Amino acid sequence: MTEIKIQYLNEGIEKLKYINGKSDWIDLRSAENVVMKSGEFKLINLGVAMQLPDGYEAHIVPRSSTFKNFGIIQANSMGIVDESYCGPNDWFYFPAIALRDTEIHVNDRICQFRIEKHQPQITFSEVTKLDNEDRGGIGSTGIK
């Protein structure tokens, strides 16, 4: 089991944990009360800083219910935190854009993360054509 050093913003933030075997993603919570008007942008503090192991990064994405519950989307679609972002002031944030007026409270679960190994070094071998079976392009699997 890999151990990760974690610093919490304050004692009011719930400690990180897996959700009873439902997923290997871990929820992140707002560390502050936030009021946003439609169209506003805010970096929402997630209340944690971590020292990831060498060769690993955290992938931060919204929860499936984030937009439904709070009307916000993640401005950068997916956040990547590498192992060099590990100082005492290197807090995790959620860059939120509000698509409706909303309120978020301390400990509301607004996003999730997982730890992944860095991509291995790769090289590209240029060809004039790929010789595989054509799947049909974007949208080829249909709607239903």
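A few points on the structure. Just so we're clear, the structure is a prediction, and the values are computed from it rather than from any experiment.

## A look at the sheet that holds strand E4 (residues 41–45)
Then comes step 1: What the three strands build is an open sheet, ordered E4-E9-E7; its pairing is antiparallel. The strands lining the two open edges of the sheet, one partner per strand, are E4 and strand E7 (72–74). With strand direction ignored, the average angle separating the axes of adjacent strands in the sheet is 40°.
Then comes step 2: Note: E7 against strand E9 (residues 93–98), three bridges, orientation antiparallel. Considered in E9, the bridge of Gln-74 is made with Ala-96.

## Considerations on the sheet that holds strand E2 (residues 26–29)
Then comes step 1: Taken in spatial order, the four strands of this open sheet run E2-E11-E6-E8, and their pairing is antiparallel. Two strands lie at the open edges of the sheet, namely E2 and strand E8 (79–82), each paired on one side alone. Put simply, the sheet's adjacent strands are angled 30° from each other on average, direction ignored.
Then comes step 2: With four bridges joining them, strand E6 (residues 56–62) and E8 adopt antiparallel strand pairing. Across the sheet, Ala-58 pairs through a bridge with Val-81, a residue of E8.

Scoring rules and cut-offs
Residues numbered from 1 in each chain as written. Predicted model: local features only at pLDDT ≥ 70, side-chain atom pairs only at ≥ 80, totals over all residues. Heavy atoms only, no water. Pairing = 2+ DSSP bridges. Helix = DSSP H or I, 4+ residues; strand = E, 2+ residues; numbered from the N terminus. Axes fitted to C-alpha atoms, helices over the stretch in contact; angles between N-to-C directions.

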